[in-house]
Amino acid sequence: GGLVLRLIVAIFMSSGIKYYFVLDSLRYEANAWLLAQRWITTDLYKVLANASQSASFNLYEIFLSGIFQTFGYDPLLATFINSLFSCLTVVLIYLIQVEFMTEKPVTSRVLTPALFTAILLGLYPSFVIWSATNVRDPLYFLACIAFFYFFFAIFSRKSQAKPPFKILSLFLCVLSFWTV
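Quantities reported herein were computed from a predicted structural model and do not represent experimental measurements.

Q: Hey, could you run me through the pattern of salt bridges in this one?
A: Two side chains with opposite charge may pair up if their charged atoms get near one another. All chains considered together, the criterion is met by 1 salt bridge. Here Glu61 makes a salt bridge to Arg27, at a shortest N to O gap of 3.8 Å. Within this pair, whereas Glu61 is found in helix H5 (residues 59-71), its partner Arg27 is found in helix H3 (residues 23-36), the two being separated by 34 residues in sequence. Note on Glu61: relative accessible area 2%, which makes it buried. For Arg27, a relative accessible area of 42% corresponds to the partly exposed category.

Pasting the structure below:
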């Protein structure tokens, strides 16, 4: 439900309304589109962007440029991917609560704190709107929560992960930390 809501909001905001209050989205899209061009170099970017002090792209712009190189300039597709990132964040928060913080197994059909949190985050208006734009926050939140999930999968006493998954979790934990 949270993903469908985000996709509907993303389609609504793709009319250009997001550029009125999310100027970062416009900057990220423009820089990513420039970076997606095969002819761009750092020196040329400095001249085009008048960026004599800092001519580096952030990780989200590099990620967006990969989307633009693969699928063409389509900000709506990038927004859909951001919506997916935010929903994965909600799922990981739910899993952290269920797998590592629950005292006893949940067998009844009551509204558990983990389910309540997932519903709240899935429908929270601010989180929905920001994940339906092209800003780096959904990727950042996903990386932060993924770090904690994989850290708990490795070191928690409640973790029931097998050794191959713990090794993979270590790699994903380091990758998440690097992304943050």
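Structure's up, so let's keep going.
Q: How should I be thinking about the nonpolar core in this particular structure?
A: One recurring pattern in soluble globular proteins is that nonpolar side chains are buried together. Counting residues in hydrophobic clusters, the biggest one holds 24 residues, and the most contacted among them are Leu64, Phe68, Leu92 and Tyr149. Elements supplying a minimum of two residues to this core: H3, H5, helix H6 (75-101) and helix H9 (137-155). Top contributing element to this core by residue count: H9, with 8 residues. The contact partners of Phe68, leaving out residues within four places of it in the chain, are Glu29, Ala32, Trp33, Ala36, Tyr73, Asp74 and Pro75. Counting residues in hydrophobic clusters, the runner-up holds 5 residues, among them Val9, Met13, Val128 and Ala132.

Q: For this particular structure, what's the right way to read H3?
A: In an α-helix, one turn spans 3.6 residues, which is why side chains three or four residues apart end up on the same side. Compared with an ideal rise of 1.5 Å per residue, which puts 14 residues at 20 Å, H3 spans 20 Å between its outermost C-alpha atoms and is within 8% of the ideal. Where H3 is concerned, the buried positions are Ser25, Tyr28, Glu29, Asn31, Ala32, Leu35 and Ala36.

Q: Explanation requested: the packing of H3 against H5 in the structure shown.
A: For any two helices packed against each other, the geometry comes down to the angle between their axes and how far apart the axes lie. For the pair H3 and H5, interaxial distance at closest approach is 8 Å and the crossing angle is 60°. The angle between H3 and H5 places the two elements in the oblique class. Considering the relative orientation of H3 and H5, their crossing is right-handed. Listed contacts from H5 to Arg27, Tyr28, Glu29, Asn31, Ala32, Trp33, Leu35 and Ala36 of H3 are Tyr60, Glu61, Ile62, Leu64, Ser65, Phe68 and Gln69. Residues belonging to the contact of H3 with H5 are distributed by class as follows: 9 nonpolar, 3 polar and 3 charged.

Q: Is there a simple way to explain the packing of helix H1 (residues 2-13) against helix H7 (residues 113-123) in this structure?
A: Packing of H1 against H7 leaves a shortest axis separation of 9 Å and a crossing angle of 5°. For the element pair H1 / H7, the angle class is roughly parallel. Contact residues: Gly2, Leu5 and Arg6 in H1; Leu121, Gly122 and Leu123 in H7. Looking at the contact of H1 with H7 residue by residue, the class counts come to 3 nonpolar, 2 polar and 1 charged.

Q: Help me understand the confidence of the model for the chain in this model?
A: Note: predicted coordinates in regions of low pLDDT should not be interpreted at a detailed level. Per-residue confidence for the chain gives a mean pLDDT of 84; residues scoring 70 or more make up 87%. Across the chain, the secondary-structure element scoring lowest on mean pLDDT is helix H4 (residues 42-49), at 65, and the one scoring highest is H9, at 93.

Conventions adopted
All chains use their own residue numbering, which begins from 1 and follows the written sequence. Where totals are concerned, whole chains, interfaces and linings use all residues; where local detail is concerned, this predicted model gives features only for residues with pLDDT of at least 70, and gives and counts side-chain atom pairs only at 80 or more. The basis for every side-chain value is the complete set of non-hydrogen atoms in the structure, without hydrogens or water. Salt bridge, as applied in this entry: a Lys or Arg side-chain nitrogen positioned within 4 Å of an Asp or Glu carboxyl oxygen. Helix and strand assignments follow DSSP, with helices taken as H or I runs no shorter than four residues and strands as E runs no shorter than two, numbered in order from the N terminus. Under the scheme applied here, a residue whose accessible area is under 20% of the maximum for its type counts as buried, over 50% as exposed, and between as partly exposed, the area being computed with a 1.4 Å probe on protein chains only. Throughout, nonpolar core names a set of buried Ala, Val, Leu, Ile, Met, Phe, Trp, Tyr and Cys residues whose side chains join them through atoms within 4.5 Å. Only heavy atoms enter the contact rule, under which two residues are in contact if any of them lie within 4.5 Å. By definition here, a helix of n residues has an expected span of 1.5 Å times n minus one. With axes taken as lines fitted to C-alpha atoms, and helix axes fitted only over the stretch in contact, angles between N-to-C directions fall between 0 and 180 degrees. Working rule for angles: under 35 degrees goes down as roughly parallel, over 145 as roughly antiparallel, 65 to 115 as roughly perpendicular, anything else as oblique. For any pair of crossing helices, the crossing counts as left-handed if the nearer helix is rotated counterclockwise from the farther one by less than a right angle, and right-handed if it is rotated clockwise. Note on residue categories: nonpolar means Ala, Val, Leu, Ile, Met, Phe, Trp, Tyr, Cys or Pro, charged means Asp, Glu, Lys or Arg, and polar means any other residue, Gly included. pLDDT measures how confident the predictor is about each residue, on a scale from 0 to 100.

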